[in-house]
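Overview (structure and organization)
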Amino acid sequence: MGLHTLYPAIEPYATGHLDVGDGHAIYWERCGTPGARPAVFLHGGPGGGISPSHRSLFDPERYDVLLFDQRGCGQSTPHAGLEANTTWHLVADIERLREMAGVEKWQVFGGSWGSTLALSYAETHPGRVSELILRGVYTLTKPELDWLYQFGVSEMFPDKWEAFVAPIPENERHEMMAAYYRRLTSDDRATRIAAAKAWSTWEGGVITLLPDPQLDNDFAQDAFAEAFARIECHYFVHAGWLEEGQLIRDAHRLREIPGVIVHGRYDMPCPAKYAWALHKAWPQAEFHLIEGAGHAYSEPGILDRLIRATDKFAEK
Ligand code: STX
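Source: prediction; values computed, not measured.

In a disulfide, the sulfur atoms of two cysteines are covalently bonded to one another. As enumerated under the stated definition, the model contains 0 disulfides in all. Cys73 supplies the cysteine sulfur nearest to Cys31, a cysteine that is in no disulfide, at a spacing of 16 Å. With a relative accessible area of 1%, Cys31 lands in the buried category. Its sulfur unpaired, Cys73 is 15 Å from the next cysteine sulfur, which belongs to Cys233. For Cys73, a relative accessible area of 0% translates into the label buried.

As structure tokens, then:
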């Protein structure tokens, strides 16, 4: 049998907004078969939002999936809002959404930043997680942040790095995240948007193994870029409100949870070292390091493993 691919495109059977307080309303959608195996999908960035193809990671006949735009992005409001927007607010939102869905436990599926959030949630509420599927693991430590925004990916993509540092004067380049954060939170809209596009274009340009012009274009759109860059930079300058190394340190809390970890060998933004560390700290989970693949879930070898994982858990 060949590589597993996405299930056919579907529309949600229900959508809405959930008021979570602090002025935030969370856009959610439910897809698949009402009452079937419950799952929640956690998107990347942070600030990346959900897209229709994420619905197709799950067999619609055997799953009842809730997807949502995390605070401040996608169709959640206020757009690009940073107040009361932290990892721990999102963990609380996932619990509110679970209660709204009326389920005791659910499968948690998260890629990239979604894996960071999934680990934060599962280590806080292990009894609420029936299975955990993680792709493009990111544990949000200082070396991982430096790798993407200071020194590392810069060595592999000098052309794109040049464009990323261009908006920042030389004397501020020793702290790129802080320099960007000042501009992304500027009162001047033109300053914010210019910084947002440069920040977002950098990430869009390094997340696939091979260039993807469609992705480059999506990441450069004003509304997407503003939410993505502001929220991501806000989370990262605050190190995700996590203690250094916390997610690996507390991985022993996952030991009763069936898990699958999928990571591309050539993942640029999220180097494999941290997925490997998670594998060591949580040996009960299946671990797949995919050769010839980068970061994006849409890369064939990664997608194949992810679909096999959702299919496998659908049978239980
Ligand atoms: N951030 C990686 C991440 O979570 C360091 C991510 N990067 N791009 C995305 O997510 C989207 C494609 C989901 C926007």
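Let's shift gears to the site of the ligand. Surveying the vicinity of the ligand reveals 13 residues, the closest of which are Gly45, Ser112, Trp113, Glu203 and Glu232. Measuring from an oxygen atom of the ligand, one finds a backbone N or O atom of Gly45 at 2.7 Å. Between Glu232 and the ligand, the recorded distance is 3.1 Å, taken from a side-chain N or O atom to a nitrogen atom. Out of a free accessible area of 380 Å², the ligand has 88% covered by protein chains. Broken down by element, the shell around the ligand gets its largest block of residues, 4 residues, from helix H9 (residues 222–237). Residue composition of the shell around the ligand, by class: 7 nonpolar, 4 polar and 2 charged. Counting residues domain by domain, the shell around the ligand receives three or more from each of domain 1 (14–141 + 241–314) and domain 2 (143–240).

This part is about helix H1 (residues 87–101). Each full turn of the α-helix corresponds to 3.6 residues, which orients residues three or four apart in the same direction. In this model H1 runs 21 Å from its N-terminal to its C-terminal C-alpha over 15 residues, within 8% of the 21 Å that 1.5 Å per residue would give. Residue Gly102 follows H1 closely and has a positive phi angle near 75°.

This paragraph deals with a nonpolar patch on the surface. Together, Leu209, Leu210 and Tyr266 make up an exposed nonpolar region whose accessible area comes to about 320 Å². Secondary-structure assignment places Tyr266 in the loop between strand S7 (259–264) and helix H11 (272–281). Among the residues examined, Tyr266 registers a relative accessible area of 45% and is labelled partly exposed.

Positionally, His17 belongs in strand S1 (residues 14–21). When the C-alpha atoms of His17 and Tyr27 are compared, they prove to be 4.4 Å apart, with 10 residues separating the residues in sequence. Filtering out sequence-adjacent residues up to four positions away, His17 remains in contact with Ala25, Ile26, Tyr27, Trp28 and Gln75. In terms of polar contacts, His17 uses its side chain to reach the backbone carbonyl oxygen of Gln75, at 2.8 Å.

Moving on: the pattern of salt bridges. Following the criterion strictly, the structure yields 26 salt bridges and no others. Measuring nitrogen to oxygen at the nearest pair gives 3.6 Å for the salt bridge that ties Arg128 to Glu104. Within this pair, whereas Arg128 is found in the loop between helix H2 (113–124) and strand S6 (129–135), its partner Glu104 is found in the loop between H1 and strand S5 (106–111), the two being separated by 24 residues in sequence. Its salt-bridge partner being Asp250, residue Arg253 comes within 3.9 Å of it at the nearest N-O pair. Each of the salt bridges in this network shares a partner with another, and the network as a whole consists of Glu95, Arg98, Glu99, Glu104 and Arg128.

What follows covers the domain arrangement of the chain. For the chain, the domain assignment lists domain 1 (14–141 + 241–314) and domain 2 (143–240). Contact residues are listed per partner, giving 35 residues for domain 1 and 28 residues for domain 2. Of the roughly 2700 Å² buried at the junction of domain 1 and domain 2 (both faces included), carbon and sulfur atoms supply 64%. The tally of links between domain 1 and domain 2 comes to 0 salt bridges. Across the domain 1-domain 2 interface, the total number found is 20 residue pairs in polar contact (both at pLDDT 80 or more). The element best represented in the side of domain 1 that touches domain 2 is H1, accounting for 3 residues.

Reading the values: the criteria
- Residues numbered from 1 in each chain as written.
- Predicted model: local features only at pLDDT ≥ 70, side-chain atom pairs only at ≥ 80, totals over all residues.
- Heavy atoms only, no water.
- Disulfide = S-S within 2.5 Å.
- Buried < 20%, exposed > 50% of the residue type's maximum accessible area, 1.4 Å probe, protein only.
- Near = heavy atom within 4 Å.
- Polar contact = N/O pair within 3.5 Å; in protein donor to acceptor, adjacent residues only side chain to side chain.
- Areas by Shrake-Rupley, 256 points an atom, 1.4 Å probe, with all protein chains shown as cover.
- Helix = DSSP H or I, 4+ residues; strand = E, 2+ residues; numbered from the N terminus.
- Nonpolar A, V, L, I, M, F, W, Y, C, P; charged D, E, K, R; others polar.
- Domains from an automatic or database assignment.
- Expected span 1.5 Å × (residues − 1).
- Patch = residues over 30% accessible without salt bridge, like charges linked within 9 Å, V, L, I, M, F, W, Y side chains within 5 Å.
- Salt bridge = Lys/Arg side-chain N within 4 Å of Asp/Glu carboxyl O.
- Contact = heavy atoms within 4.5 Å.
- Buried area = accessible area lost by both parts, 1.4 Å probe.

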